[in-house]
Each structure stands twice: as structure tokens, then as C-alpha cells.
Amino acid sequence: MKVSLNWLSDYIDLSDITPEQLKHRFTIQSQEVEALYPLTTAKNLVVGHVVTLEAHPDADKLKICSVDVGRETLQIICGAPNVAADQRVVVALPGAVLPGGFKIENTKIRGVESSGMICSLKELGIDEKYHAETGIHVLPETAKVGEDAITVLGFDDIILDVDTKPDRPELLSMAGFAYDIAALFDLGINIDAADYQGDDIENPFKIKTETEACPSYYGAYMENITIKPSPLWLKARLIAAGIRPINNVVDITNYVMLETGQPLHAFDYDKLGSNEIVVRLAEAGERFITLDEKKRTLNKDDILITNGESPVALGGVMGGLDSEVTTDTKRILLESATFKPRNIRRTSQRLDLKSESSTRFEKGLNTEGTLNALKRACELLIKYAGAKVSKDIASFDHHKHEKRTIELSLSKLNGVLGSALDLAETKDILRRLRFPYTVDKEIFTDEAPARRPDLITYQDLIEEIGRIYDYNNLPDTLPKTVSRGGLTPYQLFKRQIRHALNGLGLNETITYSLIDKQHVHDLSRIKDIDPVTLANPLSEIHSTLIVTPLNGLIEVAAYNVNRRMDHVHVYELSKRYTVDKETELLGMLMKGPYHNHYWQENAPTNFFTIKGIIEALRERFMLPKFSYENVTLDNYHPHQTAVIKIDGTILGHVGKLHPTYAADHDLEDVFIAELDLEAFYAYAAKDNTYETVLRFPSVSRDIALVLDENITAGTILESIHEYSTTILKDAHVFDVYQGEHIETGKKSLAIRLRFEDKTGTLKTKTIDEMVKNILEALKKEHDAVLR
Amino acid sequence: MSSLSCEDFFYLLGVIHVNVKEKINTLEKKLKAALASVENQAQLQEIKAEFLGKKAEISQFMKHMKDLPDEERPAFGQMVNEAKKRFSDLIEAQREAIKKAELDALLRKETVDVTLDAPDYTLGSTHILNQIIEEIEDLFIGMGYLIKEGPEIETDELNFEKLNLPKDHPARDMQDSLYIGNETLLRTHTSPVQVRTMLAYGGEKPVKIICPGKVYRRDDDDATHSHQFTQIEGLVVDKDTTMSDMKGTLLAVARHLFGPDREIRFRPDYFPFTEPSVEVDVTCANCDGKGCNICKQTGYIEILGAGMVNDKVLKMSGYDPKIYQGFAFGIGVERLAMLKYGIEDIRHFYTNDLRFNKQFKR
Ligand SMILES: [Zn+2]
């Protein structure tokens, strides 16, 4: 809410407080002040009287005005079409600086001297949303020549712009601000209850409700209204509050709303069509035109004010076009009511219709102030619109009007805050807050004032006392709870995975979990997952949750390669999201030379580079051997892709991106892998194991086999292990050859076998026999022969 | 021997001695001259054969030995052997010199330009958001906290209702959410993890946890908004947990992250799940609280929100608010990183331009 300090000064004495002090204290102890600014920065402006007017000899549109500014009469050239003799106008004297840094100086316009400028509202820095004036601003005849024009206009004001939080609905009213600032600075306060004398006119209205969503409704009837512009001070206050002045009746309803927080609505009686007001909920599909001339389709959440037959207002949100107050209005029904916040909120959200009124109703009002606000408006309408007001006010009011009391002990207060407040200090804070209370020993029974509907629990009260005391006065202590902190083994594992991959030169990325539904399964291995799709996405490209981290990594590669970074080695710890399960996955991507060697020869980055990373992780976390089985997956290279298994459980997959898919992303030679982290962790060793280091070296034997080219190395190695005893430590292929000297359709594999015996030195004979067995088995099983 | 007179004998002896000695001297000079021009091992072998081989002159001298009286023979033999040893040493010294020269030549061929680039063995780095999470986790682990994680697809009940945000609560406006179904959504904060933890603890034991993770809001992405971002929330619940404990804890966080000289201040704020609620500002590290562009002349920068857990929240999570009370706080990790490093656009965290990611190595 935008708070005018002039207006605030009606209620409290701010003369000893600077605006900056106010801003600071309010921010620290109440709500955040977003801005503090003068309504206008224009200075050195006076009220002038246009004495005579002549045409400029050299310009059709310019006029030479002789303007009396009190001390002297100035010659001012003015181009505004609405300038006329005998007007009271705002004159910027030479030396004045207008908003935007525009300096006024003595000058010549087309050869004629001009000393000053006659100003429009816009030139004073008043935004066009607050007025419809195109020309210069014409002041009322009552304006005294030579006086400061900004003061006359009521624009000599400073605005405190405060972001009102939902728990402080009272800060949607000037009165609320006055009470709060009075408490913060320990000031006196002067807010009178409304008082007016009604005329001897009967209120013709019968008012009733058919819904609990409107618990109270007060209606005043008045005649003899003269619609005209509001007085300057009232206009200025509305502008200061960010509301555009319209006419006296509308302005007064807005003014009283700003003052009290209670929204009001004026109906043109002659357009209502009945003497009855019936409040009900809308029928589903019912239609209604609001005063912004929009046709609204309603539903059962919407509250309608009707004339007994047809709707005349969307209760609490906006009036109807048909019963709007216009320049012809003579008689009005003025409404002051309360509505259930939930309904207002739903209506306002669904129709995307936020008004000053709906904003207040949806936060919950002071239900005791409804009648007072109506009376206050009557008071002003009598004064500024010549209204004659009915003696009676038609109404119903189903609010319980009970006092709210809150109990709070001093020990609880200190126990929650960690403070050491004593009885006297606490009493003093309650006095400043103007919360009536009684105290028995150390227990306060506090009466929550009606103006503070937000105060319900003891915690609400602690908050009030705490902020007036100032939380910054609390000591700095730590919780007394003694506990053992730490990561779970799995959390530690995830960190270790990161650190291991960093050590291997891969960079971690974080990409969006929400992607385009169309591409969710582009790179997935498990295709029968129904992706999780948002009901209200912001856009298609962020509409669906990923089932693999690989989509994001491809985007990262494309982005970086596009920017000439050819070495993209990245990973991400992310998830496969399904409705009932979120599985943590590790995605990896390698593109371009692994460890760029610059002027030296680079090792090729291929399938085995990324497989090497996976194997490094396997080795690091001490998992048993993986098996890699060729697999066909959409958008992967059909002959360079494998699933990774352990004991028949699939841990993930690794492969080359299909060149066509890669090309679609302006990429080539991209290798990717996905590992199921939880499954991986399940097989990881949870602790080190120790074996005595052998005193004897291992013994190696190399064999070269010729076999069918379709038989995989893995198959051969598996057979070798199968036909060996534990003395075979490991077996690795160290050469693969096809070509000259090898029959077409065959290949040669050179394998190094390493033998070790824990019990002693191996005998050549033992090894010979085992190699012989292996070779025989390979011949039999795979028709693999020694080369 | 008998054919020689005594005089003869002494004469002969003197001649042999003198002759041999002279000859050795001459040979040694010759050898030195020859060695001086030797360039390789083969030439050296030839010289060795010439000067020390069987047919070498020096080897012939020993034949004179028989002509010498018995008592003279040892001295003569010693003279010749010493000469041979000298010759040999000279040759071997030259052999070493040649070896060294050959190796030097070889090594010279292996000269590298030490200013050339080494291969790029740079380590990768953890994403800056996870670095900050780890840093904060470690601080809290040191203070006895556990790390709790939870699902990102949450129920409306756990994300909102149990946090005192019933349907139609005005504060739901503050965090427009991404819904999956009527009752499921992407969590808008990590608070549901706190609820889950309290429910799992059964209202019995103290809670001291922090909950890092991804959260989502229905915000259009721009320089300061992201539909996905990262939060760390904390919760302490016990019989005697106070707002001052919260203040001391958050002061420790601010100093850990922004330096030991930082101060914090509390400002009242509103969150449905806490009461009292505060916004926490830290004194601007750039201007030390004096006011600058970074802190918009206020001297303070907002870093997190916190408050005393609302009784309703405790109750809905199975804790008796008559016995237990506590505090909770929430930190926006992106915001923290942006403040700490002066990062100007939140989208950088999710673009993963490697020129960005690689700058953070802690
Ligand atoms: Zn600063």
C-alpha cells in the first residue's frame, strides 16, 4: 500500500520523525518498505493568474500570456490549446526544475521573451493513469495567486510504499498504519469515529442474504447527489495512494476504503430497478457484465448482489456496468458489506480480476468496522456531494461480534523468544500496541482489538510483542539439543561419486527436470514409463518430468559445442521421475578429446573412453565385474551400445549417440551413459577388505586365437574364467586383429592370462596344463584355435 | 750370463733400463696424441690393440727381463707394469669421455620446449549449487544436524495443508505452483521433507535437520526468476528451542558464508508455517554495511527467511505444541551464490556454459 505521510499526519504527529527514520523503523519492526519518494519533485511553482492572452506573431499555435504570479507579472509563451484568459494556472518560475531534470529558464520562443512555463499535471510528474488532462492544469478560482502551487494541489507529499503481507490485513488501511507507527514510536493517536446526522428520508431498501458467504451487509440510501470533481486535497490523496480520481462519489468510496480498509460500493439507485437487495451465490454458467465492460461467466463460488431478480454487482470484487454511478446520478445506495475471503479469492483468481476491493476482502476484514465505514462515507458525501442521507441503514449482520482474548504467560513469551523481558517491559509494549489486557501474576489475558482480526493465537501475540521489543535485541544462542550429525552412507556415496568424477575430469551440470513431452523418451532405456506431465505447465518445453538425465546433457553438449567448446565431458546426478517413484540416476556425456593433448597426439574418444569411466567408478566403489551386452535403443548407435549388468540386474547403459540424432543437435561422436545410482550403491562394497600382498610375482601367458568375428571378447573371457581355477588372476584382450593372414569372417584375439597362487610359486607344469585345458575348451565351445 | 764380464753386465743393464724407460716415454706421448683425436669406441679399440695388445711394443719389453739379473727383475717388471697401467687408465678415461659425449649428444636430441602446453588433465568440478549445498551441509553437520531428502513430486497435503496453507489460503498466491493432478504437484519448497521427518519421528524425539533439494514454482524464467531452483531448509524442534537459538544459528550461517565480520538483522515477515516469522538480512560484504549499489544503499542484503514453527504445523506433524517448539528457516541457494559471487543472471546455473561451471572449483 502507498501511504501518504500528509494523510498519516491527520492521525499522528510525525513532526519529530524524518521519513527516513520512519522507513527504517517500519522496515525493521513491521513490514518491508519498498520505496520512499515524494509525490512530485517539482519545486518553485506558484499559482498564477492569466491576465491577458495574445496570439504569437510568428506561430499559430503559441500564445503570449501575461501571467500575474503575485510579486510580478510575467510574460509566458504557452502552446496548450486550453489556455485562456482569467484562468488560475500552475506556473514554473525561471529557475524551477521539473521532474526529469527539465530546467525552466528565461528564453526566447520564436523571437518573443518567455519567463517561465504554465504546467500540465504530466509536467509535474503526475502519471497519466491518474488523470485524463491533455493540456495545462487549470486550478479552481479559489486558488490564491502567488501561493506555492504544489501545496495548493496537495502534492507536497511523501509516499511510503509498503509491501503488505497476508497476515497484516490492517495494513491495507491508513488507520492501520497510524496505529502501527504510533506503537513503533510510542505516539499519541487521533482517529475519530464517524458521526453524521441523517435527514428525514426513509430508506426504501429491504436487504437479505441467501448465502453464508456474505455475513453482513449495510446499505445507506441518499438523494440530492451532485456529481462533480472532488476537492483538490481528496484528489491528491487518492493519487498519492495510486488511485485515479473519478468523481466525488466514487472518490469518497475509495477514500473511505483507504482510510478504514473497508471497501464500499455505490449503486445508482435509479438504475437498480427495485428496492430490494438479495445476496446469493451465482448459478453455474450465469453471465454478468462488470463495470469494466467485460462479460463474465460465473460459477457457484461467486457472490452476486442482486436486485431480487438480476445481478447488480459481483460481490466484493466489482460492480455491474448497468448500475454504475455516472455524471447523471442523483440517488444512490451505498453498500458496506463483508464477504467470505475464500469466495472472493476464488472469484478473483478464476476471473483474473483483482481489484482494491477483492484484495482487501480476500485477506479478511475487521468485521466490526463495516458500519463505521459506511457512516464515514455518508459524512463525506453530505459534505462534498450535497447528499441527503436516510436516517435508517438497511442491514443484516450475522457476525458473532465476540471479543477475542489471548492468554500468554511471561515465561512462555520468554521461553519462545529466548528473551528476558520482565512484567513492566511487557506491559509497556502492550500499552504502546494499545492492546487492552489484564494480568494475573505472570499471565496476561489480552483482548485483541477489532482492528486486528489477524490476532488469534498466543503466537500472534508473541510476534507483536517480539517485533515491538525488536528481535534484533535477542541474544545469539545455539540450540541446547545435543545430537549427532552426519551424512547417511548413501549421501556420502553421492558426494564420493561427484568427487570421483571430478577427479576423472568430468564437470557436473544441473539442468531442468521439466522438458518437452515430445522428447522425454528420446534417450531412455525403459520405454514403458508413463512420463509425469504437468496439468498447468508454463510452456510445452517445460511440461514433462524427465525419465533420464541424458536429455539435459545433450542440450549442454549442443550449447557448448555451438560456442566452440569441443571438449564436453559432463555428468549430472538427477532422477527418473514417475508418479510413484523417483529413482536417482547418474548421466554422463563425453564429446571431443578426453584430456586434450594440444600439440601432442590425442587418444581417441570412443565407446571405450566412457566405458573406462564407468569401470573406474566400479573399481572405486569396489563392485563385482560388470557384463556389457549389446543392445538396440532408439537414437543410439545400433552397434556401439550396451546395457550394463551385474548378476542379471541392469545397472544402466552406455553407448554412442546415433549419428542422425546427433546431427539433429549439431553434434557428432557423442558418447553417453546412464547408471542407476541406487542399484549401483546396492552392489558397492560398504567397507574395505584386506588380502595379504603376495610375496611371489604373478606369471603371465599370452595366447593368440583365431575365431569367428561375431564372437565377443566378453564371451571368450567368460569361457576362460569358466575353465580355470582360482589361480587365474585375470585375463585381458591386448590385441584385436582382422585382415591379412586372417581368413575373412574371422578375427584374431591376443589374450594375456595372469596366474597367481596364494600358497606358493606356481609350477610351470600347472600353468601349462591349465592353458591346455583352456585352449581345448575354447576350441570345443567356440571353434577358436591357436594362431 | 757367464759370457759377460761384470762391467759388461752393468753396461747392458744401464742400456736396457735407459732404453726401455725412454721408449715408454715416447710411447706414452704417442698414445696421448692418438687418444686426443679419437672420436668413437672403435677407434679406441684399435688404439688399445696398438698400445696394449700382444704385439704392442710395451709387451715386447718383458722379453728383456730374462737378460736382467735376478735382483733387477722386480724393479724392471714394476716399471713396465706401471706403464701398462697408465696406458690403460688413459684409454679408459678416454672411453668414459667418449661415452659421456655420445650420451650428451643423444640427450641433446631429446631437448623439449619446456614452454609448450601440457595435456589438459584439469579436474572437473562440482556444480556451484551443489558446492554451496555441501558447504552448508558440512556447517550444520558440525552442529549436529542430519541431512534429509525427499521426493519432488509431492502431495498438496504435505506441501501445503500440513504447513498451515489450506486450500484458498491467501499465501498460496505467493507461490504459484506447478500441478500434476488435483492433489499432486512439484514441491514449491523443501518444507514437506520437514513434515515427513516429523511424522516419521512420531512426535517423540527432538528434530535437528536440514533439507536441501530442487523446488519448483510457476514462474517465467528471467534474470531473477527460475521455475526450478534450489532450497535448503532447516528445522529444529525440541522442548526448549528459542528464537534466540535461531538467531545464533543463522548468525553462524551468515558468518560461515560471508565472512567472520558479518552481522545479521531480523525483520518481521510472514510465512504461514512460522510465527513469528522474519526475513534475515546480512550486512553487505561489499560496503561493510555503509551502503552501496549492491545492497541498494541499505547496507544490508536479504539472505533467508525464518521463524518459530507455527503450532498448527507442529500439531499436524504429530508434535504436541504444549511440549515442543522450534524454528525453521529456508535459504535460496541460487540467491546465495548470486550474492556471494556477483552472478547476474539466475539462468546461468541451468545453462551449464562450461566457461561458467568451470570457474567454481571449491
Ligand atoms: Zn553494500
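Residues numbered from 1 in each chain as written. Chains lettered and ligands numbered in written order. Predicted model: local features only at pLDDT ≥ 70, side-chain atom pairs only at ≥ 80, totals over all residues. Heavy atoms only, no water.

### A look at helix α10 (residues 333-341) of chain B
Residue and element names in this part refer to chain B. To keep things clear, this is the line we draw: The buried label applies to any residue whose accessible area, calculated with a 1.4 Å probe on protein chains only, is under 20% of its type's maximum; exposed applies above 50%, and partly exposed to all values in between. Helix and strand definitions here come from DSSP, where helices need a minimum of 4 consecutive H or I residues and strands a minimum of 2 consecutive E residues; each element is numbered from the N-terminal end. Any two residues whose heavy atoms approach within 4.5 Å at even a single point are treated as in contact.
Within the sequence span of α10, burial applies to V333, E334, L336, A337 and M338. Where α10 is buried, its residues contact α5 (128-142), β5 (228-238), α8 (243-258), β8 (300-309), β9 (325-332) and α11 (348-351). Just past α10, the residue G342 takes up positive phi, approximately 70 degrees.

### Structural notes on the coordination of the zinc ion
Six octahedral donors around a metal ideally make angles of 90 or 180 degrees; four tetrahedral donors ideally make 109.5 degrees. Residue and element names in this part refer to chain B. Short version of the rule: Distances define the donors: N, O and S atoms within 2.8 Å of the metal qualify, as do those within 3.2 Å of Na, K or Ca. Water is excluded, so some sites may look unfinished. A four-donor site is classed as tetrahedral when every donor-metal-donor angle falls between 85 and 135 degrees; four donors are called square planar, and six octahedral, when trans pairs exceed 155 degrees and all remaining angles lie between 65 and 115, with any other arrangement labelled irregular.
Taken together, C284 (SG), C287 (SG), C292 (SG) and C295 (SG) make up the protein donors of the zinc ion, found 2.3 Å from the metal. Relative to the metal, the four donor atoms surrounding the zinc ion lie at angles of 105 to 114 degrees, and the coordination shape comes out tetrahedral. When the donor residues of the zinc ion are listed from N- to C-terminus, their spacing reads C-x2-C-x4-C-x2-C. A residue pair is termed long-range when its members are at least 10 positions apart, and C284 in the loop between β7 (274-283) and β8 and C295 in the loop between β7 and β8 qualify at eleven residues. You can call C284 buried: its relative accessible area is 1%. Residue classification places C295 among the buried residues on the basis of a relative accessible area of 3%.

### Things to note about the pattern of salt bridges
The line we're drawing: By salt bridge we mean one thing: a side-chain nitrogen of Lys or Arg within 4 Å of a carboxyl oxygen of Asp or Glu.
Per the stated rule, a full pass over the model turns up 67 salt bridges over all chains. The residue R280 of chain A makes a salt bridge to E286 of chain A at a minimum N-O spacing of 2.8 Å. Each member of the pair, R280 of chain A together with E286 of chain A, is buried. Between R255 of chain B and E263 of chain B there is a salt bridge, with its nearest N and O atoms 3.0 Å apart. The class for R255 of chain B is partly exposed, based on a relative accessible area of 30%. Note on E263 of chain B: relative accessible area 39%, which makes it partly exposed. Sharing partners across several salt bridges, the network here consists of R168, E170, D180, R452, D454, E464 and R467 of chain A.

### Quick word on the packing of aromatic side chains
Our working definition: Each pair of aromatic rings taken from Phe, Tyr and Trp, with Trp reduced to its six-membered ring, is defined by centres within 6.5 Å and is described as stacked if the planes are under 30 degrees apart, edge-to-face if over 60, and tilted in the remaining cases.
Across all of its chains, the model carries 28 aromatic pairs over all chains by this definition. Consider the rings of F140 of chain B and F329 of chain B, whose centres lie 5.5 Å apart with planes at 25 degrees: the pair is stacked. A residue pair is termed long-range when its members are at least 10 positions apart, and F140 of chain B in helix α5 and F329 of chain B in strand β9 qualify at 189 residues. Both residues of the pair, F140 of chain B and F329 of chain B, belong to the buried class. Taken together, the aromatic side chains of Y490, F493, F621, F626, Y628, F680 and Y681 of chain A make up a single cluster linked through ring pairs.

### Section: the sheet that holds strand β21 (residues 311-314) of chain A
Residues and elements named next belong to chain A. For clarity, the threshold we go by: Should DSSP find at least two bridges between two strands, the strands are regarded as paired.
Pairing is mixed across the open sheet formed by five strands, whose spatial order is β14-β17-β20-β21-β22. The open sheet has two free edges, formed respectively by β14 (206-209) and β22 (318-319), since each of these has just one partner strand. Taken together, the two bridges between β21 and β22 define a ladder with antiparallel strand orientation. Bridging across to β22, L314 finds its partner in M318.

### A few points about the domain arrangement of chain B
It is common to give the size of an interface as the accessible area that goes away when the parts come together. Rules: Per the annotation, domain bounds derive from an automatic or database assignment of domains.
Partitioning chain B into domains gives domain 1 (6-110) and domain 2 (128-360). Taken over C-alpha atoms, the centre of domain 1 of chain B sits 94 Å from the centre of domain 2 of chain B.

### A closer look at the side chain of N502 of chain A
Here N502 of chain A shows up in helix α14 (residues 489-503). Beyond its immediate chain neighbours, meaning those up to four positions away, N502 of chain A contacts Y571 of chain A together with L123, G124, S125 and T126 of chain B.

### Considering the sheet that holds strand β36 (residues 670-676) of chain A
Residue and element names in this part refer to chain A. Note the threshold: In this analysis an axis means a line fitted to C-alpha atoms, helices contributing only their contacting stretch, and an angle means the value between N-to-C directions, from 0 to 180 degrees.
Taking strand neighbours across the sheet as the criterion, the seven strands line up as β28-β31-β32-β36-β35-β34-β33 in an open arrangement whose pairing is mixed. Looking along the sheet, the strands with just one partner apiece sit at the ends: β28 (507-508) and β33 (627-630). Of the pairings in the sheet, the one linking β33 to strand β34 (residues 636-646) comprises four bridges and is antiparallel in character. Following the sheet pairing, N630 is matched in β34 by A642. Along the sheet, α14 makes contact with β28, β31 (568-577) and β32 (582-591), crossing β31 at roughly 155 degrees.

### What about the interface of chain B and chain A?
Stated precisely, the cut-off is as follows: Accessible area, probed at 1.4 Å, shrinks when two parts are joined; the buried area is that loss added up over both. Residues adjacent in sequence count toward polar contacts only when both atoms are side-chain atoms; beyond that, a polar contact is any pair of N or O atoms within 3.5 Å, and within protein one must be able to donate a hydrogen and the other to accept it. Ten residue types, Ala, Val, Leu, Ile, Met, Phe, Trp, Tyr, Cys and Pro, are classed as nonpolar, four, Asp, Glu, Lys and Arg, as charged, and the remainder, Gly among them, as polar.
With 94 residues of chain B at the interface, the matching set in chain A holds 91 residues. Counting the surface lost from both chain B and chain A, the interface buries some 7800 Å², and carbon and sulfur atoms represent 50% of this. Per-residue buried area on chain B facing chain A is highest for D168, P268 and E275 of chain B; these three make up 9% of the total on that side. Put simply, E32 of chain A and R267 of chain B hold a salt bridge, and the shortest N to O gap is 3.8 Å. Across the chain B-chain A interface, the total number found is 56 residue pairs in polar contact (both at pLDDT 80 or more). Residues of the side of chain B that touches chain A, tallied by class, amount to 38 nonpolar, 24 polar and 32 charged.

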